[in-house]
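One letter stands for each residue in the lines below.
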Amino acid sequence: MARSTKEEAQATRHRLLDAAERVFHRQGVSQTSLQQIATEAGTTRGAIYWHFRDKADLFNAMMERVTLPLEQSLQQAPDARGGPLAALRAALLAALSQMRDDAQLRRVVEIAMHRVEYVDDMNAVRMRHLHVRQRCVVDIGRALRLAARQRGCRLRMPAARAAAGLHALIDGLISNWLLDPQAFDLPALGDQMLAVYLVGLGLGSDGARGD
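Nothing here was measured: the structure is a model prediction, and the numbers come from that model. (Residues numbered from 1 in each chain as written. Predicted model: local features only at pLDDT ≥ 70, side-chain atom pairs only at ≥ 80, totals over all residues. Heavy atoms only, no water.)

S.K.: Sorry, what's going on with the overall build of the protein here?
M.R.: Tallying secondary structure elements over the protein gives 10 helices and zero strands in all. Along the chain direction, N to C, the helices and strands of the protein fall in the order α-α-α-α-α-α-α-α-α-α. Burial analysis of the protein (211 residues in total) assigns 43% to the buried set. Long-range contacts, defined here as pairs at least 24 residues apart, represent 70% of the contacts in the protein between residues at least 6 apart. Carbon and sulfur atoms provide 50% of the accessible area of the protein, an area that totals close to 11200 Å². (Helix = DSSP H or I, 4+ residues; strand = E, 2+ residues; numbered from the N terminus. Buried < 20%, exposed > 50% of the residue type's maximum accessible area, 1.4 Å probe, protein only. Contact = heavy atoms within 4.5 Å. Areas by Shrake-Rupley, 256 points an atom, 1.4 Å probe, with all protein chains shown as cover.)

Below you can see the structure in the form of structure tokens.
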């Protein structure tokens, strides 16, 4: 009986997250109330508070359910076969390909980038965004330092700044592509831009393709 109750609670939680994803995407986070999410999920507002503290907690749970590609792949990039630069490039391009091909991931990232406002009651969402960003920048910076050390060269700017710039490049490509997915092929353009960026840092393309 206890197991059945636990499974039912878990099913309700997933139903609420599914509903939040749909409503947030349809009308934006600030314009969505917890009651609207409960109605969409076919539950009561009390069910939301049983599982989540507030709308920000619900939003973050929705984000965490879909593993963002950069959060996981970059942590292994420096140690993968082929050297740190090849591994970094492979991780970034895999992330862009996943963004293009995974409809749920694309929808959740679109909510995070274009349908949320960091007003006071969403500060926890802003803090999570900053935490994820900083972790990605640290991972990129580590890969760039290892690549420069392996090649016996110096980066043309401090690794931390180079990593922040590369993250901004990838983030900007994703944001613009989400506005119009027909405008360009995300992984293909990402591959070309990454090659140019690495050359500018003094690292070369390490197999990245250009025209």
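Read on, since the account is not over.
S.K.: Which parts of the structure should I look at to understand the side chain of threonine 43?
M.R.: Among the secondary structure elements, threonine 43 is positioned in the loop between helix 2 (34–41) and helix 3 (45–51). Residue classification places threonine 43 among the buried residues on the basis of a relative accessible area of 18%. When sequence neighbours within four positions are dropped, the list of residues in contact with threonine 43 reads Thr12, Arg15, Leu16 and Ala38.

S.K.: So what exactly am I meant to see when it comes to helix 6 (residues 84–101) here?
M.R.: Since one α-helical turn is 3.6 residues long, residues separated by three or four positions face the same way. Between the first and last C-alpha of helix 6 there are 25 Å, a value that for 18 residues agrees with the 26 Å anticipated at 1.5 Å per step. Every buried residue of helix 6 is accounted for by Pro84, Leu85, Ala87, Leu88, Arg89, Ala91, Leu92, Leu93, Ala95, Leu96 and Met99. (Expected span 1.5 Å × (residues − 1).)

S.K.: How should the confidence of the model for the protein be read in this particular structure?
M.R.: Low-pLDDT portions of the prediction should not be read for the details of their coordinates. Within the protein, residue pLDDT values average 88, and 87% of them lie at 70 or more. Averaged pLDDT values for the elements of the protein fall to 59 in helix 5 (residues 69–76) and rise to 97 in helix 2. This model gives residues 206–211 a pLDDT under 50, and the stretch forms 14 contacts once residues within four places in sequence are excluded. (pLDDT = per-residue confidence, 0-100.)

S.K.: When you look at the side chain of glutamate 21 in this model, what are you seeing that I'm missing?
M.R.: Its location among the elements puts glutamate 21 in helix 1 (residues 2–27). Sequence-distant contacts of glutamate 21, that is, excluding residues within four places in its chain, are made with Met62, Arg65, Gln104, Arg107, Val108 and Ile111.

S.K.: I would appreciate a short explanation of the packing of helix 9 (residues 159–179) against helix 10 (residues 186–201) in the present structure.
M.R.: Two numbers describe a pair of packed helices, the interaxial angle and the distance between the axes. For the pair helix 9 and helix 10, the least separation of the axes is 11 Å and the interaxial angle reads 160°. If you check the angle between helix 9 and helix 10, you find them roughly antiparallel. For the crossing formed where helix 9 meets helix 10, the hand is right-handed. When helix 9 is examined against helix 10, the residues Arg161, Ala162, Gly165, Leu166, Leu169, Leu173, Ile174 and Trp177 are found in contact with a partner set consisting of Leu186, Leu189, Gly190, Met193, Leu194, Tyr197 and Leu201. Among the residues forming the contact of helix 9 with helix 10, the class breakdown is 12 nonpolar, two polar and one charged. (Axes fitted to C-alpha atoms, helices over the stretch in contact; angles between N-to-C directions. Parallel < 35°, antiparallel > 145°, perpendicular 65-115°, else oblique. Left-handed = near helix turned anticlockwise from the far one by under 90°. Nonpolar A, V, L, I, M, F, W, Y, C, P; charged D, E, K, R; others polar.)

S.K.: Looking at this structure, I do not really get the nonpolar core. What am I missing?
M.R.: The nonpolar side chains of soluble globular proteins are, as a tendency, buried together. Of all hydrophobic cores here, the largest spans 55 residues; its most connected members are Phe59, Leu144 and Leu166. Counting only elements with at least two residues in this core, the list comes to helix 1, helix 2, helix 4 (55–65), helix 6, helix 7 (103–114), helix 8 (123–151), helix 9 and helix 10. Broken down by element, the residue count for this core peaks at 10 residues, all from helix 9. If we skip the residues at most four places from it in the chain, leucine 144 touches Leu88, Leu155, Ala159, Ala162, Ala163, Leu198, Leu201 and Leu203. (Core = buried A, V, L, I, M, F, W, Y, C linked by side-chain atoms within 4.5 Å.)

S.K.: What is the right way to look at the pattern of salt bridges in this model?
M.R.: Close approach of charged atoms lets side chains of opposite charge pair. Enumeration according to the criterion identifies 12 salt bridges in this entry. The residue arginine 53 makes a salt bridge to aspartate 57 at a minimum N-O spacing of 3.5 Å. The network of salt bridges with shared partners includes Asp18, Glu21, Arg65 and Arg107. (Salt bridge = Lys/Arg side-chain N within 4 Å of Asp/Glu carboxyl O.)

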